[in-house]
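# Understanding the architecture of this molecule
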Amino acid sequence: MAEKKIRVLVAKPGLDGHDRGAKVVARALRDAGMEVIYTGLRQTPEMIAEAALQEDVDVVGLSVLSGAHMALAPRIMELLHANGQTHVKVFIGGIIPDEDLIRLKEMGVTGVYGPGASTDDIIRDIQETVTG
Amino acid sequence: MTTTQSILNGDRLALARLLTKIENNAPEGRDALIELFPHTGKAHLIGVTGAPGTGKSSLVNQLALHYRKVEDKKIAILAVDPSSPFTGGAVLGDRVRMRDLSGDEKVFIRSMATRGSLGGLAQSTANMTQAFDAAGFDMVIVETVGAGQSEVDIARLAHTTLVVEAPGLGDEIQAIKAGILEIADILVVNKGDRPGVENTEKALKSMLELAHPTERIFRHHGVAMKAETPKQNTNKNLWIPPIQRTISTEGVGISELADLIAKHATHLRSGEGWSARERIRLQVEIEALIQESLMNQFRQDTSKEKYDEVFEKVFQRNISPWEAVKMLMNGRLK
Ligand SMILES: Nc1nc2c(ncn2[C@@H]2O[C@H](COP(=O)(O)OP(=O)(O)OP(=O)(O)O)[C@@H](O)[C@H]2O)c(=O)[nH]1
Ligand SMILES: [Mg+2]
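The structure reproduced in this document is the subject of the present report. (Residues numbered from 1 in each chain as written. Chains lettered and ligands numbered in written order. Predicted model: local features only at pLDDT ≥ 70, side-chain atom pairs only at ≥ 80, totals over all residues. Heavy atoms only, no water.)

## A few points about the overall build of chain A
Along its length, chain A carries five helices and five strands. Computed over C-alpha atoms, the radius of gyration of chain A comes to 13 Å, within 12% of the 14 Å expected from 2.2 N^0.38 for 132 residues, which places it in the range of a compact globule. The principal-axis extents of the C-alpha atoms in chain A amount to approximately 45 × 30 × 30 Å. Of the contacts formed within chain A by residues at least 6 apart in sequence, a portion of 72% connects residues at least 24 apart. Taken as two groups, the 14 positive and 19 negative side-chain charges of chain A have centres that lie 4 Å from each other. (Helix = DSSP H or I, 4+ residues; strand = E, 2+ residues; numbered from the N terminus. Rg over C-alpha atoms; globule rule 2.2 N^0.38 Å. Contact = heavy atoms within 4.5 Å. Lys, Arg positive; Asp, Glu negative; His and termini not counted. Charge placed at Lys NZ, Arg CZ, Asp CG, Glu CD.)

## Some thoughts on the site of ligand 1
Residue and element names in this part refer to chain B. Lining the immediate environment of ligand 1, one finds 18 residues, of which Lys56, Ser57, Ser58, Asp193 and Ser248 sit closest. Gly55 is positioned such that a nitrogen or oxygen atom in its backbone is 2.9 Å from an oxygen atom of ligand 1. Here an oxygen atom of ligand 1 and a backbone polar atom of Ser57 are 2.8 Å apart. For ligand 1, whose free accessible area comes to 650 Å², the fraction covered by protein is 77%. Elements represented by at least two residues in the shell around ligand 1 include exactly helix 4 (56-71) and strand 5 (139-145). (Near = heavy atom within 4 Å. Polar contact = N/O pair within 3.5 Å; in protein donor to acceptor, adjacent residues only side chain to side chain. Areas by Shrake-Rupley, 256 points an atom, 1.4 Å probe, with all protein chains shown as cover.)

## Quick word on the coordination of the magnesium ion (ligand 2)
All names here are of chain B. Protein-derived ligands of the magnesium ion (ligand 2) are Ser57 (OG), Asp94 (OD) and Glu143 (OE), with the metal-ligand distances lying across 2.1 to 2.2 Å. Mapped onto the sequence, the residues coordinating the magnesium ion (ligand 2) show the spacing S-x36-D-x48-E. Here Glu143 lies in strand 5 and Ser57 lies in helix 4, a separation of 86 residues in the sequence. (Donors = N, O, S within 2.8 Å, 3.2 Å for Na, K, Ca; no water.)

## Digging into the pattern of salt bridges
Pairs can form between side chains of opposite charge whenever their charged atoms are close. Applying the stated rule across the entire model yields 25 salt bridges over all chains. As a salt-bridge pair, Arg30 of chain B and Glu292 of chain B come within 3.2 Å of each other at their nearest N and O atoms. Placement of the pair is Arg30 of chain B in helix 3 (residues 27-36) and Glu292 of chain B in helix 12 (residues 273-301), with a sequence separation of 262 residues. In this structure, Lys313 of chain B engages Glu309 of chain B in a salt bridge whose closest nitrogen and oxygen atoms are separated by 3.8 Å. Placement of both Lys313 of chain B and Glu309 of chain B in helix 13 (residues 304-315) is noted, with a separation of four residues, approximately one turn of the helix. Using a relative accessible area of 30% as the deciding quantity, one classes Lys313 of chain B as partly exposed. Residue classification places Glu309 of chain B among the partly exposed residues on the basis of a relative accessible area of 46%. Ionic contacts of the salt-bridge type, sharing partners, join the residues Arg7, Glu35 and Glu55 of chain A together with Glu23, Arg95, Arg110 and Arg115 of chain B into one network. (Salt bridge = Lys/Arg side-chain N within 4 Å of Asp/Glu carboxyl O. Buried < 20%, exposed > 50% of the residue type's maximum accessible area, 1.4 Å probe, protein only.)

From the geometry alone we can't say anything about function, so treat these as descriptive.
Have a look at this one:
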């Protein structure tokens, strides 16, 4: 029988070497019944877009600590669109200053989460945007 | 352009979307596969299995790199990981070890969760490899974890099955118990840089000597193989699984392994082996589809009320399950 699952690519762009947060989110999404493709550390925007294409994901989740989100996010969105994946929703979590939150949303990022965000909120938002 | 045309033209997005439809068992997936089927049958299907953490993904990464650099082959990788039985979700992490392959248009990596149903998994894996095959990939490498029935089913898909062992996991005995050696065409002892490799190799060698080679080949694919395989047990057609030591993190032993894989393909092609495996694979697929179709037809033909009524009789011990089936099948059962 047809069985649709939400597929999420969780990636950690940038040069810093911590993926604890990304792993916590990955496990939480799994526990919410999603299929999470975990790609690991130091992913370039090109690597992320390529993986998103091959895996035909519904959502790309980025974990950023390096402060490079303002450069990375639009580049990744541009590549996703160039590949024809206009329906893919981008979520970003990490240490993001308030003024950037709004600008990221204006760029078309679907969800932005600071360090205090709960995984329950992220899960609910993903479920709503993908199936709702 | 139709999905079929796009895929034959090498459109990666169309391929990715078709894989999703196949995985979801959506009707569009099946329709596309009907059109793509005439374009299949060219790829060399390689299964890679073994206990968790033995280095399968690292090995697949190295093998694919080798095929790209040395032979310029187009490589598809299907990496299968278990779904959580409790939540139905999964974390698919094999790509982490395959980052060397990114940026290469002639490599396509797809991760897949087992999603619970065993028969369904074998079916969707078979269909996904067909999609890769039609899309022109020369090699399709399928990675699966463990030593259960699903691995055996998936090994049936492959022309060449690699079983990966590693020292220090204490899993030699376990693998042997689970019969995983029965499906191996090539045994890989990975993590050759770790202490205890010699012991792992020795354990595997003595296991191989215990297994009777002729019988091994005949049991390879279970019952159907016995019925359909032309006689294979002449000495020239006997394949004794070789053991190859590798260090996947450094690429050591990889070109030797690629040579063994090529040798195995030549061996299969020189005898009846290749076509025997093709036959088995297609028979297994047809049988699974027959089961599914009959079941669907049964569901269509039988109202829920009728089913519930008959079931109640069984529950009350008025009739046996066998009589219930006869009733439900409306005389279609002889
Ligand atoms: N020392 C050493 N470590 C290795 C070798 N091959 C793989 N590893 C390491 O073993 C760990 C597991 O490797 P993977 O390639 O993910 O193993 P796997 O069998 O695909 O794992 P699962 O898919 O989780 O079952 C990683 O930390 C690798 O770096 C090797 O030849 N030598
Ligand atoms: Mg793996």
